[in-house]
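A closer look at the structure
Chain by chain, the residues:
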Amino acid sequence: MENGRVILSGKRFLLTIDRLCHQIIENHGAFSNSCIIGVQPRGVRFADRIHKRLIEITGSDKIDFGVLDVTFYRDDFRRRDTPLSAQKTEINFLVEDRNVLLIDDVLYSGRTIRAALDALQHYGRPQKVELVTLVDRRFNRHLPIQADYLGISVDAVDEALVKVEWKEYEEVDRILFFPKSKSSQ
Amino acid sequence: MSELSTKHLLGIKHITKDDINLIFETADKFKEVINRPIKKVPSLRDVTVANLFFENSTRTRISFELAEKRLSADTVNFSASSSSVKKGETLLDTVNNILSMKVDMIVIRHPAPGAPLYLSRHIDANIINAGDGTHEHPTQALLDAFSIREKYENLEGRKICIFGDIQHSRVALSNILCLTKLGAEVTVCGPPTLIPKYIGSLGVRVEYDVKKALNWCDVANVLRIQLERQDIKYIPSIREYTNYFGINKALLDSLDKEVLIMHPGPINRGVELSSDVADSDHSIILNQVENGVAIRMAILYLLASKNKVSSI
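What you are looking at is a predicted structure, and each value in this text was computed from that prediction instead of being measured.

This next bit is on the pairing of strand E5 (residues 128-137) of chain A. All names here are of chain A. By the criterion of burial, E5 is predominantly enclosed, with seven of the 10 residues buried. Pairing between strand E4 (residues 99-107) and E5: eight bridges, direction parallel. Among the inter-strand pairings, leucine 102 is bridged to a residue of E5, identified as leucine 131. For the crossover from E4 across helix H3 (residues 111-120) to E5, the handedness is right-handed. Bridging between E5 and strand E6 (residues 149-154) involves five bridges; their strand directions are parallel. Bridging across to E6, valine 135 finds its partner in isoleucine 152.

Below is the structure:
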């Protein structure tokens, strides 16, 4: 795990976040009928950053923000060696008829997002769901799921690991690439 | 740590403090699930659970069944009164017959202490003890401790008194084991005939005066007098028991503190608890019932995760 290569950091990292925010604003305007939902655990960090930046850029004082845990909806329950522990879900609003921005940091097999779409149904029937991801591992998909807003694409084999670190948690904003990791995510 | 140390829940005796905390943390998440508009998750959709009730039950049975349904498990119910047990079939034969219909988990309530342990030695399925005679009732103890934890966050050093028929109560034994594992101080209070002689060896204090006990404790867990398990008279009369050991509003008002009132149900109103106490703000009896579903979902979920699909 030591030989991680930085593929995005510093100013370019911040520019990517800003670009994503502006693209989102282009489609969602004043966020009157839109809301943000981060996927636990690491998608929440990305969602939190997008949420803060959107508030700064739009000057809007309230954009609905929720966090969603998909552990109970995963399709690999009883198939993993060690069970995942559930995290908190906190959505204090209904998504009925709203435009939902589902946010996760790395889009890999697409199975987490499938589970998230399932879980989301339990909070109402959204008008529209869009997916925001910072990193798209485009050749590793198991399901027909694509991002609507995308930071960068990474071409990697299954054994590789892509990890996003955040200033708030790891003291630096960057995306790391590990060519050979046995536990790829 | 995100895995239980055991494949079955036979009793609190068989699980560790870490297990208990893992169950609580998972139950927190399930409590959020059962308060959603849609209270169901698909986790156990490929699991079949048999509820074997060889003894009567309302709360535990409905609670288990709801927990299973909210996890999307398939369920089959069985009650001894309407089954071939009446024709002379043994417990092991009954269970093996049910298991050959491809059942993954067994929830069992049985009048014989040790019945779940006996089964666990002979069959493969995960077993959850839903009460075995006068021995243990682990899910009740877990939901009781979970309800206390909801009020007080930490059970370390918390003072809890269990009132009533300690001798015949599986809830009492499981509660004592669970609370002491979590670091709480436990006292039992009841008529001397209904308190086992060597109960002190479990690390609990004994008190025979209700008022003194109430003055000592933060939480009072009040149990029912189990007349159906008593073949001889342990107390002169129910009326005398109520006079000496019943908890009523006047008694609680005479204390200079507030005590949280719990009861595992079914309540004999006017015997161990007066109605005004059972329905008061201090009572968390209905919270206990709600938490029961979350705790049982957590246990079913965590035990099911021990059974890998590839190994089935």
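Residues and elements named next belong to chain A. Between helix H1 (residues 10-28) and helix H2 (residues 43-58), the shortest axis-to-axis distance is 10 Å and the interhelical angle comes to 65°. In terms of orientation, H1 and H2 fall into the roughly perpendicular class. Helix-helix and strand crossings are classified by hand; for H1 and H2 the assignment is right-handed. Taking contact as the criterion, the partners of Ile17, Asp18, Leu20, Cys21, Ile24 and Ile25 in H1 are, on H2, Arg49, Ile50, Arg53, Leu54, Ile57 and Thr58. Tallied by class, the residues present in the contact of H1 with H2 amount to eight nonpolar, one polar and three charged.

Of all hydrophobic cores here, the largest spans 132 residues; its most connected members are A:Ile103, B:Met105, B:Ile106, B:Ala220, B:Ala298 and B:Leu300. Sort the elements by how many residues they give to this core and helix H11 (residues 285-304) of chain B lands first, with 11 residues. Residues from two domains meet in this core; each of domain 1 (12-136 + 290-311) and domain 2 (138-288) of chain B gives at least three. In this structure A:Ile103 touches A:Ile36, A:Ile37, A:Gly38, A:Val39, A:Gly43, A:Phe46, A:Ala47, A:Ile50 and A:Val132, once residues within four positions along its chain are discounted.

The next point concerns unusual backbone geometry. A:Gln40 connects to A:Pro41 through a cis peptide bond whose omega is -5°. Assignment of secondary structure puts A:Pro41 in the loop between strand E2 (34-39) and H2. In this structure, B:Pro266 follows B:Gly265 across a cis peptide bond, with omega equal to -10°. With respect to the helices and strands, B:Pro266 occurs in the loop between strand E9 (260-262) and helix H10 (275-278).

So, on to the environment of A:Trp166. Residues and elements named next belong to chain A. Inspection of the secondary structure puts tryptophan 166 in the loop between strand E7 (161-165) and helix H4 (167-170). Classification of tryptophan 166 by C-beta neighbours within 10 Å gives partly exposed; the count is 17. Distance from tryptophan 166 to phenylalanine 46, taken between C-alpha atoms, is 8.1 Å for residues 120 residues apart in sequence. When sequence neighbours within four positions are dropped, the list of residues in contact with tryptophan 166 reads Arg45, Arg49 and Asp173.

In this complex, chain A contributes 13 residues to the contact, which on the side of chain B involves 16 residues. Across the side of chain A that touches chain B, the residue classes break down as six nonpolar, four polar and three charged.

Residue and element names in this part refer to chain B. Ordered in space as E2-E1-E3-E4, the four strands form an open sheet in which the pairing is parallel. The open sheet terminates on both sides in strands that have one partner only, identified here as strand E2 (74-79) and strand E4 (126-132). Neighbour-to-neighbour, the strand axes of the sheet open up by a mean angle of 15°, direction not taken into account. When strand E1 (residues 48-53) meets E2, the two strands line up parallel, connected through six bridges. Paired with valine 49 across the bridge in E2 is threonine 75.

Okay, the sheet that holds E2(A) next. Two strands in a sheet stick together by hydrogen bonds in their backbones, pointing the same way (parallel) or opposite ways (antiparallel). All names here are of chain A. Pairing is parallel across the open sheet formed by five strands, whose spatial order is E3-E2-E4-E5-E6. Sheet topology places strand E3 (65-68) and E6 at the edges, where each strand pairs with a single neighbour. Ignoring which end each strand starts from, the neighbouring axes of this sheet average 25° apart.

A separate point is H1(A). Residue and element names in this part refer to chain A. End to end, H1 covers 27 Å across 19 residues, agreeing with the expected 27 Å (1.5 Å per residue, within 8%). Buried within H1 we find Phe13, Leu20, Cys21 and Ile24. Down the axis, H1 shows its buried residues gathered within 100° of arc, on one side only. Turned more than 90 degrees off the buried face of H1, the exposed positions are Lys11, Leu15, His22 and Glu26. Contacts made by the buried residues of H1 are with strand E1 (5-9), H2, E4, E5, E6 and strand E8 (174-178). Following H1 by one or two positions, glycine 29 has its phi on the positive side, about 55°.

Cut-offs and rules
Residues numbered from 1 in each chain as written. Chains lettered and ligands numbered in written order. Predicted model: local features only at pLDDT ≥ 70, side-chain atom pairs only at ≥ 80, totals over all residues. Buried ≥ 20, exposed ≤ 12 C-beta atoms within 10 Å, placed from the backbone. Helix = DSSP H or I, 4+ residues; strand = E, 2+ residues; numbered from the N terminus. Pairing = 2+ DSSP bridges. Right-handed = clockwise from strand over helix to strand, strands pointing away. Axes fitted to C-alpha atoms, helices over the stretch in contact; angles between N-to-C directions. Parallel < 35°, antiparallel > 145°, perpendicular 65-115°, else oblique. Left-handed = near helix turned anticlockwise from the far one by under 90°. Contact = placed C-beta atoms within 7 Å. Nonpolar A, V, L, I, M, F, W, Y, C, P; charged D, E, K, R; others polar. Core = buried A, V, L, I, M, F, W, Y, C linked by C-beta atoms within 7 Å. Domains from an automatic or database assignment. Expected span 1.5 Å × (residues − 1). Arc of directions from axis to C-beta.

By themselves, these observations are geometric and do not establish any function.
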